[in-house]
Each structure stands twice: as C-alpha cells, then as structure tokens.
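# Overview (structure and organization)
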Amino acid sequence: MDNEFVKGDIVKFIDEANVRPDYLHNVENIYQIVSIEDTAVILSRSFSRDIETDISAITGVVMDGEEDKFIYSDPVIMASIVWPGDPIPVHHKDYTYFLDANVIFPNDKTMRDFVKENGFTYVHELQHFLREQYQTDDLKINI
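Figured I'd write up the structure that's included with this text. (Residues numbered from 1 in each chain as written. Predicted model: local features only at pLDDT ≥ 70, side-chain atom pairs only at ≥ 80, totals over all residues. Heavy atoms only, no water.)

### What to know about the overall build of the protein chain
When you go through the protein chain residue by residue, the secondary structure sums to two helices and seven strands. Reading the protein chain from its N end, one meets helices and strands in the order β-β-β-β-β-β-α-α-β. By residue count, 39% of the 143 residues in the protein chain fall in the buried class. Look at the contacts in the protein chain between residues 6 or more apart in sequence, and 57% of them connect residues 24 or more apart. A total of about 9,000 Å² of accessible surface is found on the protein chain, and carbon and sulfur atoms cover 51% of it. (Helix = DSSP H or I, 4+ residues; strand = E, 2+ residues; numbered from the N terminus. Buried < 20%, exposed > 50% of the residue type's maximum accessible area, 1.4 Å probe, protein only. Contact = heavy atoms within 4.5 Å. Areas by Shrake-Rupley, 256 points an atom, 1.4 Å probe, with all protein chains shown as cover.)

### What to know about helix 1 (residues 111–118)
Those residues of helix 1 that sit buried are Met111, Phe114 and Val115. Summarising the axial view, the buried residues of helix 1 lie within an arc of 100°, below the 170-degree limit, and thus occupy one face. Close packing links the buried residues of helix 1 with strand 6 (71–73), helix 2 (123–134) and strand 7 (139–141). Following helix 1 by one or two positions, Gly119 adopts a phi angle in the positive range, close to 65°. (Arc of directions from axis to C-beta.)

### Section: the pattern of salt bridges
Overall, the coordinates contain six salt bridges when judged by the stated rule. Ionic pairing is found between Lys69 and Glu66, a salt bridge with its closest N-O pair at 3.1 Å. On the basis of relative accessible area, Glu66 is assigned to the partly exposed category, the value being 48%. With its nearest N and O atoms 2.5 Å apart, the salt bridge here joins Arg112 to Asp100. Within this pair, whereas Arg112 is found in helix 1, its partner Asp100 is found in the loop between strand 6 and helix 1, the two being separated by 12 residues in sequence. A single network of salt bridges, built from pairs that share partners, joins Asp9, Arg131 and Asp137. (Salt bridge = Lys/Arg side-chain N within 4 Å of Asp/Glu carboxyl O.)

### Regarding the pairing of strand 3 (residues 40–44)
The sheet contact formed by strand 2 (residues 31–37) and strand 3 spans five bridges and is antiparallel. Following the sheet pairing, Ile36 is matched in strand 3 by Val41. Counted between consecutive antiparallel strands, the loop separating strand 2 from strand 3 contains two residues, among which Asp38 sits at a positive phi close to 60°. (Pairing = 2+ DSSP bridges.)

### With respect to the packing of aromatic side chains
Applying the stated criterion across every chain yields a total of six aromatic pairs. Note on Tyr72 and Tyr95: the rings are 4.7 Å apart at their centroids and 65° apart in plane angle, and the pair reads as edge-to-face. With Tyr72 in strand 6 and Tyr95 in the loop between strand 6 and helix 1, this pair connects stretches of sequence that are 23 residues apart. Between the aromatic rings of Phe114 and Phe129, the centroid separation amounts to 5.2 Å while the plane-to-plane angle is 50°, which identifies the pairing as tilted. Note that Phe114 is positioned in helix 1 and Phe129 in helix 2, a separation of 15 residues in sequence. The buried category is assigned to Phe114, whose relative accessible area is 5%. Under the relative-accessibility criterion, Phe129 is labelled buried at 18%. Of the aromatic side chains, those joined through ring pairs into one cluster are Phe114, Phe120, Phe129 and Tyr134. (Phe/Tyr/Trp six-rings, centres within 6.5 Å; stacked < 30°, edge-to-face > 60°.)

Spelled out as structure tokens, the structure:
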C-alpha cells in the first residue's frame, strides 16, 4: 500500500478507539485529510470538529463496499446558459456509492474500470490516480 498521504486523501484510524462521534453521534471511521505537517495530520468530516493526530495512527480505506460505503463522486457541473425568462436549472447531488455512480471518463470507462485495470485497493490510491490524470478526484464523504 502506498502510504504517502496528501491533503484531500480519504483515510481511517487504525485503532477504532480513536474514532470520536460527531454532534450527530456518527461513529463511522472515515475522514478526509485537511492538512499534513511533518507527522501531524488534521482530519475532518462533514459537520464535525477537526481532529489532530499523528500520521502513524491512520491508514487507507479499503474499496470493499463496506469501509468506503459513505464515499460518493461529486463532479463539478459546468454552468448552464440561462436566457432571460428561462427557469434556472436545479442540480441535485447524487450520493450513490462512488464505484456505482454514473461517472464516465474517456473511452467510456467507469470508476470501477479504473480500479480493476490499475489494481487499486485503497481509496487514496484511486484519488492519487485521478488527481494525476484529471487534476481532481471529486470524491467526498457523505456522513
């Protein structure tokens, strides 16, 4: 496993005793890296306070449909041209599991195709690939 974590990577605590419930009493072990400085890492999750920990306390999230079940793809939608008098288009987020989402890349490849072709095991490995190839990964946590 590539443990070279960077800002934006989705990770989890190795020891689940470190997982702190947020104000909604959510106890899922999944976070996004906000910043890394030396060995100090700041983790965040929607609607919860940031958590500071050591980089040795975190590991990658396995793409198995269980550990990563709260991850969805939220691609940037290009702005529409709205003429005077036309209704403003409404966009609703699709919280479908990211490997099942209807996201198509060049050559009609899906996110699942990229995972199979490249042998990715962890979410952050896929994130690094997407950032290198497409300058964004668009993966978010829905908790």
